[in-house]
Structures are given as structure tokens and as C-alpha cells.
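Overview (structure and organization)
This is what each chain is made of:
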Amino acid sequence: MKFPTTIFVLGFAASLGAAAPATSPCYWPDKQGPTLDGLVPEADGPRLPLQWDESAHKGIAWKTPIEGEGHSTPVIGGDLIWFTAATEDGTKMYVYAINRQDGAIVHHKLLFENQAPEPLANPVNNYAAPSPVLEEDAVYIHFGTYGTARLDPRTSEVVWQRRDIKVRHFRGPGSSPILFDNLLILTFDGIDQQFTLAVDKRTGKDVWKTPRSTDYHDLDKDGKPSRDGDLRKAYGTPSPINVRGSTQIISVGSRAAFGYDARTGKEIWTVVHPGFNAAVRSLVNGDMAYINTGYPNAHLLALKIEPDTRGDITSKILWDRKKFNADLAGALLVNGFIYEATGAAICACVDTATGADVWKERIFTGTGKIMASPIATRERLYFFNETGEAAVIAAKPQFEVLARNHLDSGMTSSPAEADGALYLRTKTHLYKIVKQ
């Protein structure tokens, strides 16, 4: 038995006499799903596959070859799976839309061209690291300073675009956009400028802009940032938190994390931390926030965010887990426990009440790092590494490996889910994985 390998482009379905692919509902509208925390909708949990194997043709509905590089995670609306890619040198930047039913390429659009993109200065990142975000009538594409656009998901036509937001990423862009009400909120933590910007999602025009107020403590004897500002950069994506009916966004940068009013951008509170390169999204549970400070040597902090939380709240940290926290992959909060994994595949179950480890185990023994964020049901945790391995772990305070799986190519992009199927973007293909 062979699974389908899709290599063709559909173009406009109407020209083929077929119905256009549906663009709703939004199954996986954000890089970490409909609830922004990696949790699969409860109704889909029992339908997710537990085991798959490419060599045995098990569980793979289809695989589609893709071009270019990218860490961006697929988002899914209706029949369409959207993600971005770029050439290795960053001179060309693309958006893909693939039909989730059969793996056919519906759109492969060259969106931006760059004459002289800034070199990445590291072997980890690429020029298509930020993930899209999706609504039923819009897909928002972001490549950091290289460009942001709203597309019509029915046609992939550009509704508006911005190419005038200039920062020096130095090691490439990484922060993904989020949506709030009529705003598209963008995070820029470059080496020369650090700010959060909200634009009107309908027009792309600026609504508010809030510079970081951080004291980086990095000035040299001439009063200039050391290492050209390298210790000021970060890759974080904000998390919204509801504070008695008012929405704040938790935005983690180098050396400090902030709470901003989502509607106005006003800085409400800050917590000082020792990290930089912040990339892991904060977790929220009611009025509790769990903040990863960024690698190397990331800390995991617990904070209670209340209506009167104001100013510098560093002294109000409830607990601080100082070692073996996630580097790049997001964490999960399931059944009252935080589950996270370091790049070296050391996975921990952490008690949210105290920050104490319930268990800590290595889940992969090979050399592949964990960069992709895991996803979870109430019973299972799905972890992936960059050499094609996947481990399914029981979501409980006793460590148990439920299954181990393998694909020919590894993942740096995070998984997505729709209608009980997994969609996995590897370095070479997009896969649909189903229960058999």
C-alpha cells in the first residue's frame, strides 16, 4: 500500500469546474490552536492518531512536498492549511495554502522579495519563522521587518500590506502576530529597536505602539549597547489574559516581561528577569500566568495578575523554577500540571501550585533537538523533534510513554490539528496523519 504524494497545483477551483475550498470554520487559527495554548478541542481528542510510521505506510493519509525553509506553524481554516516559507537566503518569501482533504496545493504565492536581507548570524533560525494567524475572512502573514500582509483566504489576493516597519532582527524574525478585537498585534524585539505595535486588521494602519521600557544593563564604556544590542533581541508571541473583564497581553522580551492593555497598548506591569532570547509563549489559567524568561538558562515564573497589579511586580513572583525549562518549544498546561521539554529532550511535569517537579525524564535519546511546540488532549501529550521522532506521553503525574513514531524528515514547525487529524510540517513535506 502506498500513501498519496501530492505534487500538483490546483489554481482556482472554479476554472476546474469544482467548488472552491471552504475557508471556515477556523479549526486551528493560531500557531497554538483555537485557545492559544496547544490544547486540541475536547471533541477531537479521542479521534487523534496514537501511532504512525512512514516506513510501514501506517496512519499517513497523504504527504505533499514543499519548497523553501520555515519554522512557521500551519493554521487551518475550512479546507485550507496556510503556512509560510522562504528561500535560504531570504530573498523570496512565500505563502502556501494546501487542501487538507487531499493535500493538493491550492496557492503557492510569492509574497515578498528582498534585495539584501540581513544575514541570520546563526544556524538555527530562517526567514519564515513567524506563523500566520487566521480568521474566516482573512489570513494574516508576517515575516517580521520584511513584511506583513492581510490576504483574502478565498483567493490569496493581498488586501493590504506593510513593508515599512523596520528593525534589525540580526538573527532573523521569530515573533508571531495575534488578534484582539479589531487589532493585529505585532511584536518586534530587534537589536536596535524593541516595541509592540497594534495595527487595524482591516486597513493595516497603526493604532498604538509601545516601546519596551526595559533597562537592559548592557551599555559599554562608550554608552552603547554591548554586542551591538544582541542581548536585547527576543522572539516572543504574546498571550492574552482576562483581568476582570479587561484584556491584557503578556509580552515577554529580553530582561523583562510586560502586561499591556490590549486595547491601548498602555504598560500596566512589568517583571524583571535574567533571560533573553525569549521565545516560549506564556501560559494562562484564570488569573495565573506562567512565564518563561528565555534561553539559555530559562526560568519559569508564576505570577498572579489581579486588577490592582501595577508597576514592577518582580517581588511578587510566587515561584521560580530555575532549571530544565523549555528553550524554544512551547509548554502545555493540562489537568493542573505544566508539561515542557528542553531542546535536549528533557521533559518535566511541574506542579502549578509550587513549581516543584512531579517527574522529569528524557523522552528522546537521539541527537535531534526539540524546537516544535507540543500539543495535547486531556489524556495525551504529543512531542516532536527535528530528526523525525515523535513521542506520545500520558498527561498525568506518572511518567508513561504511550507510543513512539517516526517520519523520514524532522520538524521545527509545530503541529496543527483539525477534525481529528494531525497536520505535520517537516523540513521537506506536509503530512496528514490519521487514526487507523
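Residues numbered from 1 in each chain as written. Predicted model: local features only at pLDDT ≥ 70, side-chain atom pairs only at ≥ 80, totals over all residues. Heavy atoms only, no water.

Here the focus is the sheet that holds strand β9 (residues 148–151). One open sheet accounts for four strands, arranged β7-β8-β9-β10; its pairing is antiparallel. For this open sheet the edge positions go to β7 (133–135) and β10 (158–162), each flanked by a neighbour on one side alone. Going from strand to strand, the sheet's axes swing by 15° on average, the running direction of each strand aside. With four bridges joining them, strand β8 (residues 138–142) and β9 adopt antiparallel strand pairing. The residue bridging His142 from the neighbouring strand is Thr148, located in β9. (Pairing = 2+ DSSP bridges. Helix = DSSP H or I, 4+ residues; strand = E, 2+ residues; numbered from the N terminus. Axes fitted to C-alpha atoms, helices over the stretch in contact; angles between N-to-C directions.)

With that out of the way, let us pick up the sheet that holds strand β21 (residues 300–304). The sheet built from four strands is open, its strands ordered β19-β20-β21-β23 with antiparallel pairing. Among the strands making up the open sheet, the edge pair consists of β19 (283–285) and β23 (319–321). The sheet shows a mean angle of 20° between the axes of neighbouring strands, direction not considered. The pairing of β19 with strand β20 (residues 288–292) spans three bridges and is classified as antiparallel. Pairing of Leu283 across the sheet is with Tyr290, part of β20.

Here we come to the pattern of salt bridges. Under the defined criterion, the tally for this structure stands at 27 salt bridges. Residue Asp206 is joined to Arg162 by a salt bridge in which the shortest nitrogen-to-oxygen separation is 2.8 Å. With Asp206 in strand β14 (residues 206–211) and Arg162 in strand β10, this residue pair connects regions lying 44 residues apart in the sequence. Here Asp206 falls in the partly exposed class, since its relative accessible area comes to 47%. Arg171 is the salt-bridge partner of Asp230, the closest N and O atoms lying 2.9 Å from each other. Taken together, the residues Asp230 in the loop between β14 and β15 (239–243) and Arg171 in the loop between β10 and β11 (178–180) connect sequence positions 59 residues apart. On the basis of relative accessible area, Arg171 is assigned to the buried category, the value being 18%. One salt-bridge network, held together by shared partners, links Asp44, Arg47, Arg100 and Asp419. (Salt bridge = Lys/Arg side-chain N within 4 Å of Asp/Glu carboxyl O. Buried < 20%, exposed > 50% of the residue type's maximum accessible area, 1.4 Å probe, protein only.)

On to the environment of Thr293. The topology assignment puts Thr293 in the loop between β20 and β21. Assessed through its relative accessible area of 0%, Thr293 is described here as buried. Measuring from C-alpha to C-alpha, the distance between Thr293 and Asp327 comes to 9.4 Å, with 34 residues separating the pair along the chain. Filtering out sequence-adjacent residues up to four positions away, Thr293 remains in contact with His273, Gly275, Phe276, Ala278, Ala298, His299 and Leu301. In this structure the side chain of Thr293 is engaged in a polar contact, spanning 2.9 Å, whose partner is the backbone nitrogen of His299. (Contact = heavy atoms within 4.5 Å. Polar contact = N/O pair within 3.5 Å; in protein donor to acceptor, adjacent residues only side chain to side chain.)

Next up on the list: the nonpolar core. Grouped together as the largest cluster of nonpolar side chains are 32 residues, with contacts concentrated most on Trp52, Ile98, Tyr382, Phe384, Leu422, Leu424 and Ile433. Other than its neighbours up to four places away in sequence, Ile433 contacts Pro49, Trp52, Gly59, Ile60, Leu407, Ala421, Leu422 and Leu424. (Core = buried A, V, L, I, M, F, W, Y, C linked by side-chain atoms within 4.5 Å.)

Under the criterion given, the structure shown has 11 aromatic pairs. Following the ring pairs from residue to residue traces out a cluster consisting of Trp52, Tyr382 and Phe384. The aromatic ring of Phe195 is capped on one face by Lys209, whose charged end is 4.2 Å from the ring centroid. (Phe/Tyr/Trp six-rings, centres within 6.5 Å; stacked < 30°, edge-to-face > 60°. Lys NZ or Arg CZ within 6 Å of the ring centre and 35° of its normal.)

Let us look at unusual backbone geometry. Each neighbour pair has its own omega, and for Ser24 with Pro25 the value is 5°, a cis peptide bond. For Pro25, the location among the structural elements is in the segment before β1 (26–28). With an omega dihedral of -5°, the bond running from Tyr295 to Pro296 counts as a cis peptide bond. Phi angles above zero are rare outside glycine, and Arg227 is one such case at about 55°. Turning to its location among the elements, Arg227 is positioned in the loop between β14 and β15. Positioned with a positive phi, Arg255 is a non-glycine residue whose angle comes to about 70°. Position of Arg255 among the secondary structure elements: in the loop between β16 (246–253) and β17 (256–261).

Looking now at the side chain of Asn405. Looking at where Asn405 falls in the secondary structure, it is placed in strand β31 (residues 401–406). In terms of polar contacts, Asn405 uses its side chain to reach the backbone carbonyl oxygen of Leu50, at 3.2 Å. Other than its neighbours up to four places away in sequence, Asn405 contacts Leu50, Gln51, Trp52, Gly388, Glu389, Ala390 and Val392.

Here β16 lies mainly inside the structure; six of its eight residues are buried. Sheet topology note: the β15/β16 ladder contains five bridges and is antiparallel. Counterpart to Val243 in the pairing with β16 is Ser246. Taking the residues between adjacent antiparallel strands as the criterion, β15 and β16 are bridged by two residues, where Arg244 takes a positive phi near 50°. Across six bridges, β16 lies against β17 in antiparallel orientation. The residue bridging Val252 from the neighbouring strand is Ala257, located in β17. In this structure, the hairpin formed by β16 and β17 is closed by a connection of two residues, where Arg255 is found at a positive phi of approximately 70°.

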